[in-house]
Amino acid sequence: MLNLKSEFQMTINGESVTTEDLLPVINPATEEVIAYVPNASEALLNDAVKAARAAFPSWSAMEIDERAELLTRFAGAIYANREELANLFTLEMGRPLKGAFEEIDGAYYWLTELSKQRLNREVIEDTEEHFVERYYTPLGVVGAIVPWNFPVLLSMWKIAPALLSGNTVIVKPSPYTPLTSLRIGDIAQSIFPKGVLNVISGGDDLGRWITEHPDVNKVSFTGSTSTGKKVMQSAASSLKRVTLELGGNDAAIVLPDVEPKKVVKQLFWAAFKNTSQICIATKRMYVHKDIYDEFLTELVNYAKTVKIGDGSDPTTEIGPIQNKMQYEKVINLIEDTKHIGAKVVHGGVIKEEPGYFIPVTIVDNPPVDSRVVVEEAFGPVLPVLKYSDINKVIEQVNSSEYGLGGSVWGKDLELAQSIAERIETGTVWINEFGVLSPHIPFGGHKQSGLGIENGIDGLKEYTNSKTILVNKKII
Ligand code: NAD
């Protein structure tokens, strides 16, 4: 077992590095400090950038199959340590162990699958006059900035395509959940050449310094829309490439031919999995008036069966909110919902107990312009809305500044498809929720983001397009 208070170090230039100044990490189920991590200064960030820059020429010159082989070894080493990593993940993130294993195994799977992708050269023209070919070249040093809700998996979405395409990387996890990422940095030390993958911990300032650094060529950021805008602003000074995966306020639209009993379980978890701290969680549920009452009753009945508690208890299904800041935000939203007179049909009462626990809270048909409908709660409070006119619902769904995902539920697949096509988001699931894959492009419309992760388009985001045109007539 690790000595949690002193074991965590950063990885810079293939070596373990710590600082005098340390940041506490809190277990959200107990509110106890479980570890301290280094708080990187700007000078240490400069060291990491220098190391990543120095590693770039030889790493990018390697055959892609060799880089893929190292990524596959990295995946295997993570898998070999899955027990330790998953337990550590639950301690810092709060998610129940089963979900923690999903995160670590997901990291293994994404690394393995993404490293199979290839960007082939494309011949654009091959005529008597010209031979025109397009290549993809790496960008240089990539800064990967990650939030606290899926800290390991989301970092792999960045590390794998960035390294595969020949870039070197500096990962900065959220100050709320740095532990598992720092351990994964230790694991990487024996696999990659020095400087190829650096993992550094620190506060929000460290994120800002990465985005401002003149020698970082790209920032791949996942986090809130407000921080995403700051990232884009600072990236402008050196025209850094950016990929931004930001917030969402996804809707589920339930059509009248649905049998509530058959779908409530799936829709419950669409809303409340990971204590609703998922960018693509269902955050508004529109249910047709013909089935509304039955649906709401069934949803509440299911909610009553779900166990909330400390994630390290194997019977727990929903853990605490990950941090105090988010906990207070969600409580404020619940208070506002009650204050405006909306009917809370389940949950809503916060117990005085250690840990950032919030009960599953279901709100019966609040006004469409109330905060609980319009804002991204990022916590277990779900508005269920009654509708009769599908066109009005689509209008309401699209009135959001966000455009990340959403889902449509119904037996008539043609109708569901036609609705999905009218929803202004990057992904729409029909009779499904949250299915993501290394091979399916994912990204937000509107203020939910910029660019794509996963799929070949995701890989392209870590490259420059380069064209060489040859005049075949010898001069
Ligand atoms: P956040 O924006 O507060 O922080 C994200 C990361 O950015 C952290 O590592 C943080 O330290 C860093 N950071 C903070 N200020 C910065 C700055 N000025 N410059 C650079 N980096 C800075 O987000 P969060 O609270 O950690 O995460 C929750 C949000 O993330 C939600 O809005 C959620 O919807 C979104 N999210 C989106 C996706 C997606 O794929 N679209 C996935 C997961 C989470």
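Thresholds applied
Residues numbered from 1 in each chain as written. Predicted model: local features only at pLDDT ≥ 70, side-chain atom pairs only at ≥ 80, totals over all residues. Heavy atoms only, no water. Helix = DSSP H or I, 4+ residues; strand = E, 2+ residues; numbered from the N terminus. Rg over C-alpha atoms; globule rule 2.2 N^0.38 Å. Contact = heavy atoms within 4.5 Å. Areas by Shrake-Rupley, 256 points an atom, 1.4 Å probe, with all protein chains shown as cover. Pairing = 2+ DSSP bridges. Axes fitted to C-alpha atoms, helices over the stretch in contact; angles between N-to-C directions. Patch = residues over 30% accessible without salt bridge, like charges linked within 9 Å, V, L, I, M, F, W, Y side chains within 5 Å. Salt bridge = Lys/Arg side-chain N within 4 Å of Asp/Glu carboxyl O. Near = heavy atom within 4 Å. Polar contact = N/O pair within 3.5 Å; in protein donor to acceptor, adjacent residues only side chain to side chain. Phe/Tyr/Trp six-rings, centres within 6.5 Å; stacked < 30°, edge-to-face > 60°. Buried < 20%, exposed > 50% of the residue type's maximum accessible area, 1.4 Å probe, protein only. Lys NZ or Arg CZ within 6 Å of the ring centre and 35° of its normal. Parallel < 35°, antiparallel > 145°, perpendicular 65-115°, else oblique. Nonpolar A, V, L, I, M, F, W, Y, C, P; charged D, E, K, R; others polar. Expected span 1.5 Å × (residues − 1). Bend = angle between axes of the 7 residues up to and from the residue. Right-handed = clockwise from strand over helix to strand, strands pointing away.

Describe the overall build of the protein, with residues and values.
Helices and strands together make up the secondary structure of the protein, namely 15 helices and 22 strands. In terms of overall size, the protein behaves like a compact globule, its C-alpha atoms giving a radius of gyration of 23 Å where 475 residues would be expected to give roughly 23 Å. Counting contacts in the protein only where the partners sit at least 6 residues apart, residues at least 24 apart contribute 73% of the total. Put simply, the protein shows about 19,900 Å² of open surface, and 52% of that area lies on carbon and sulfur atoms.

I'd like a description of the sheet that holds strand 19 (residues 429–430), backed by residues and values.
Spatially, 14-15-16-13-12-18-19 is the arrangement adopted by the seven strands of the open sheet, whose pairing is mixed. Single-partner strands in this sheet number two, and they are strand 14 (343–346) and strand 19. With four bridges connecting them, strand 12 (residues 250–254) and strand 18 (residues 406–409) associate as parallel partners. Residue pairing for strand 18: Val254 is matched across the bridge by Trp409. Against the sheet, helix 11 (residues 324–339) engages strand 14, strand 15 (361–364) and strand 16 (381–387), with an angle of about 40 degrees to strand 16.

Summarise the sheet that holds strand 22 (residues 463–471); cite the residues concerned and give the values.
Strand order in the open sheet formed by three strands is 5-6-22, and the pairing between neighbours is antiparallel. The sheet is open, and its two edges are formed by strand 5 (122–126) and strand 22, each paired on a single side. Geometrically, the sheet is characterised by an average inter-axis angle of 20 degrees between neighbouring strands, direction not taken into account.

Run through a nonpolar patch on the surface, naming residues and quoting values.
Judged by side-chain polarity, Tyr79, Tyr108 and Tyr109 come together as a nonpolar surface patch covering roughly 280 Å² of accessible area. Along the chain, the position of Tyr79 falls in helix 2 (residues 64–80).

Account for the site of the ligand, with residues named and values stated.
Near the ligand there are 29 residues, and of these Val146, Asp204, Ser224, Leu246 and Glu376 occur at the shortest range. Within the backbone of Gly223, one N or O atom sits 3.2 Å away from an oxygen atom of the ligand. A distance of 2.7 Å separates an oxygen atom of the ligand from a polar atom in the side chain of Ser224. When the ligand sits alone it has 860 Å² of accessible area, and the protein chains cover 92% of it. Among the secondary structure elements, those contributing two or more residues to the shell around the ligand are helix 7 (204–212), strand 10 (218–222) and helix 8 (225–236). With four residues, helix 7 is the largest single contributor of residues to the shell around the ligand.

Explain the packing of aromatic side chains to me, and be specific about the residues and the numbers.
The description of an aromatic ring pair uses the distance of the two centres, along with the angle that the planes make with each other. All chains considered together, the criterion is met by 13 aromatic pairs. On the numbers, 5.9 Å between centres and 85 degrees between planes, the contact of Tyr109 with Trp110 is edge-to-face. A residue is classified by how much of its surface remains accessible, and Tyr109, at 39% relative accessible area, is partly exposed. The class of Trp110 is buried, set by a relative accessible area of 8%. The interplanar angle of 55 degrees and the centroid separation of 6.0 Å between the aromatic rings of Trp429 and Phe433 together place this pair among those described as tilted. Phe433 matches Trp429 in its accessibility class, with the two residues each being buried. Taken together, Tyr109, Trp110, Trp157 and Phe442 form an aromatic cluster joined through their ring pairs. In this structure, Arg95 is placed above the aromatic ring of Phe150, and the distance from its NZ or CZ to the ring centre is 4.4 Å. Across from the ring centre of Tyr462, 4.8 Å away, lies the NZ or CZ of Lys218, which sits over that ring.

Lay out the packing of helix 3 (residues 82–93) against helix 6 (residues 179–189) with the relevant residues and their values.
Two elements in contact, helix 3 and helix 6, have axes whose closest approach is 8 Å; the angle formed by their N-to-C orientations is 155 degrees. The pairing of helix 3 with helix 6 is recorded here as roughly antiparallel in orientation. Residues Glu84, Leu85, Leu88, Phe89 and Glu92 of helix 3 lie in contact with helix 6, whose contacting residues are Leu179, Thr180, Arg183, Ile184 and Ile187. Here the residues of the contact of helix 3 with helix 6 are counted per class, giving six nonpolar, one polar and three charged.

Break down the environment of Glu20 for me, with residues and values.
For Glu20, the position within the fold is in the loop between strand 2 (15–17) and strand 3 (22–27). The exposed category is assigned to Glu20, whose relative accessible area is 83%. Along the sequence, Glu20 and Ser201 sit 181 residues apart, while their C-alpha atoms lie 13 Å from each other.

So what's going on with helix 1 (residues 42–61)? Residues and values would help.
Its 20 residues give helix 1 an end-to-end C-alpha distance of 29 Å, which sits within 8% of 28 Å, the value for a rise of 1.5 Å per residue. In the structure, helix 1 departs most strongly from a straight axis at Ala55, where the bend amounts to approximately 40 degrees and where the proline Pro57 lies between one and four residues downstream. Listing the buried residues of helix 1 in full gives Leu44, Leu45, Ala48, Val49, Ala51, Ala52, Ala55, Phe56 and Trp59.

Describe in detail the pairing of strand 10, supporting the description with residues and values.
For strand 10, a buried count of five out of five residues is recorded, marking the element as mostly surrounded by other parts of the structure. In terms of strand pairing, strand 7 (residues 141–145) meets strand 10 through four bridges, oriented parallel. The partner of Ala144 across the bridge, within strand 10, is Ser220. Note: strand 10 against strand 11 (residues 241–245), five bridges, orientation parallel. Within strand 11, the residue paired with Val219 across the bridge is Val242. The β-α-β motif built from strand 10, the intervening helix 8 and the parallel element strand 11 has right-handed crossover chirality.

Could you give an account of the pairing of strand 3, naming the residues involved and the relevant values?
Looking at chain direction, strand 3 and strand 4 (residues 32–38) are connected through six bridges and run antiparallel. Pairing of Asn27 across the sheet is with Glu32, part of strand 4. Here strand 3 folds back onto strand 4 in antiparallel fashion, the turn holding four residues, of which Glu31 has a positive phi close to 65 degrees.

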